[in-house]
Amino acid sequence: MERCQRNPGMTEKFIPVADLRKRPSIPVIPARATAPVGLLADSLGRPLRDLRISVTDRCNFRCVYCMPKEVFDKDYRYLPHADLLSFEEITRIASLFVAHGVDKIRLTGGEPLLRKNIEELVAMLAALKTPDGRPLDLTLTTNGSLLAKKAQALKDAGLTRVSVSLDSLDDATFRRMNDVDFPVSDVLAGIEAASRVGLGPVKVNMVVKKGMNDAEILPMARHFHGSGAILRFIEYMDVGTSNGWKMEEVLPSAEVVRHIGEAMPLEAIAPNYAGETAERWRYVDGGGEIGVISSVTQAFCRDCTRARLSTEGKLYTCLFASDGHDLRALLRGGYSEADISGAIAYLWQGRADRYSELRASQAEQQARRKIEMSYIGG
Ligand code: SAM
Ligand code: SF4
Ligand code: SF4
């Protein structure tokens, strides 16, 4: 517990954010670079397959588990525009990652649809091809607030699919969780628009926080049963340091599956690909599938193929990392594609992150400062 700065007589659970964004780390450019042949592996043998790109650190929501108002208030300092990677810079870095084996790119944030002309970036990334000539799987995660307006433009620009975050169907609970009084009906309209224009199957992500929205599990399952959308339940995670995370507030995915299965029988199904974060279950009656993402109770680090690029161009090799590697410094420092490609390879080959696997055994892991989810994206 920390003393509340505005009201020193009070204790509060929100922890001020240490500004980890400012710790610079210029990547090493190795004398002998690994050629980009799409076969990069880290120190634990994990390939590089996914790149998540945060396009803004701003958001129009203040979800209690991600950007609590007490920390992300009017005095919070977001990154100045000049610090953000331009669309050209993002595309340049993304193309180097694709050459090293990335075939899946997800745009995230903050709220990615707040980034002006985001569809232009989508079009630039959609033009990239894997070394064997395949198009990328290009997706975007959004809170859905602007999706009804933007869905067609995103589809036309070449986006493959969207994931929409929605934590409750009950309007009062939803407004409490987004903490900006945003109505659930607008997000549902966004999901419908995305399906209608062909951005489906839409994945609907629900973070379950015990005591806050666990009563919504079954209503959400019933609503999306048979709709074509894939509802995924995400365990509330200890990302960042601002949300005052407690293990007691995590509802294990096994309980979610048991709870839904009692009402609507489920059977386990195989993953779509190695390293898929969600464990898949299907309704026995043919009403579609759900997924559970058990980042806390069942770590999946051994299959983690994800790299993350922050809004201002730092590469993070784990969601729970404290430090990023400043690729923007290389981009703006006049380094060649070969140099930057070599630096990316060198960083990935040295990667040994497995925070979630160590979480339970190492209390100090939890205590150390970590980057915020709103900064690096999901
Ligand atoms: N604003 C967009 C959205 O909400 O979809 C994209 C960024 S958001 C950081 C990406 C995902 O992270 C969302 O699905 C959100 O629910 C999830 N998320 C944020 N904080 C979380 C936490 N503490 N535990 C689990 N998931 C979290
Ligand atoms: Fe914004 Fe997404 Fe974080 Fe909610 S989860 S505060 S919508 S970035
Ligand atoms: Fe990957 Fe880090 Fe999450 Fe493990 S804790 S699955 S290494 S992002």
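Model, not experiment: these values are computed from the prediction. (Residues numbered from 1 in each chain as written. Chains lettered and ligands numbered in written order. Predicted model: local features only at pLDDT ≥ 70, side-chain atom pairs only at ≥ 80, totals over all residues. Heavy atoms only, no water.)

Visitor: For this particular structure, what's the right way to read the overall build of the protein?
Guide: Counting its regular elements, the protein contains 12 helices and 14 strands. Since a compact globule built from 378 residues should have a radius of gyration of about 21 Å, the 20 Å found for the protein is in line with a globular shape. Expressed along its principal axes, the backbone C-alpha trace of the protein runs to roughly 60 × 55 × 40 Å. The buried share of the protein, taken over its 378 residues, is 55%. Once local pairs closer than 6 in sequence are excluded, the contacts in the protein between residues at least 24 apart make up 73%. Approximately 16,200 Å² of the protein is accessible, and the part contributed by carbon and sulfur atoms is 53%. One finds the centroid of the 50 positive side-chain charges in the protein at a distance of 2 Å from the centroid of its 49 negative side-chain charges. (Helix = DSSP H or I, 4+ residues; strand = E, 2+ residues; numbered from the N terminus. Rg over C-alpha atoms; globule rule 2.2 N^0.38 Å. Buried < 20%, exposed > 50% of the residue type's maximum accessible area, 1.4 Å probe, protein only. Contact = heavy atoms within 4.5 Å. Areas by Shrake-Rupley, 256 points an atom, 1.4 Å probe, with all protein chains shown as cover. Lys, Arg positive; Asp, Glu negative; His and termini not counted. Charge placed at Lys NZ, Arg CZ, Asp CG, Glu CD.)

Visitor: Sorry, what's going on with the site of ligand 3 here?
Guide: Neighbouring residues of ligand 3: Phe-300, Cys-301, Cys-304, Arg-306, Arg-308, Cys-318, Leu-319, Phe-320, Arg-351, Asp-353, Tyr-355 and Ser-356. Only β12 (306-309) and α10 (355-359) provide two or more residues apiece to the shell around ligand 3. Taken together, the residues that form the shell around ligand 3 break down as 7 nonpolar, 1 polar and 4 charged. (Near = heavy atom within 4 Å. Nonpolar A, V, L, I, M, F, W, Y, C, P; charged D, E, K, R; others polar.)

Visitor: Would you explain the sheet that holds β12 in this entry?
Guide: In spatial order, the strands read β9-β10-β11-β8-β7-β6-β5-β4-β3-β12-β13-β14; together these 12 strands make up an open sheet with mixed pairing. Strand pairing shows two members of the sheet lacking a second neighbour, β9 (266-269) and β14 (325-326), which therefore form its edges. The sheet contact formed by β9 and strand β10 (residues 279-283) spans 4 bridges and is antiparallel. If you follow Leu-266 over to β10, its bridge partner there is Tyr-283. (Pairing = 2+ DSSP bridges.)

Visitor: How should I be thinking about the site of ligand 1 in this particular structure?
Guide: Taken together, 20 residues lie near ligand 1, and Gly-110, Thr-141, Ser-165, Met-237 and Met-373 sit nearest. Gly-110 is positioned with one of its backbone polar atoms (N or O) 3.0 Å from a nitrogen atom of ligand 1. Contact distances for ligand 1 include 2.9 Å between a nitrogen atom and a backbone N or O atom of Met-237. For ligand 1, whose free accessible area comes to 540 Å², the fraction covered by protein is 95%. Mapped onto the shell around ligand 1, the elements with two or more residues apiece are β5 (137-142), β7 (203-208) and β8 (230-235). (Polar contact = N/O pair within 3.5 Å; in protein donor to acceptor, adjacent residues only side chain to side chain.)

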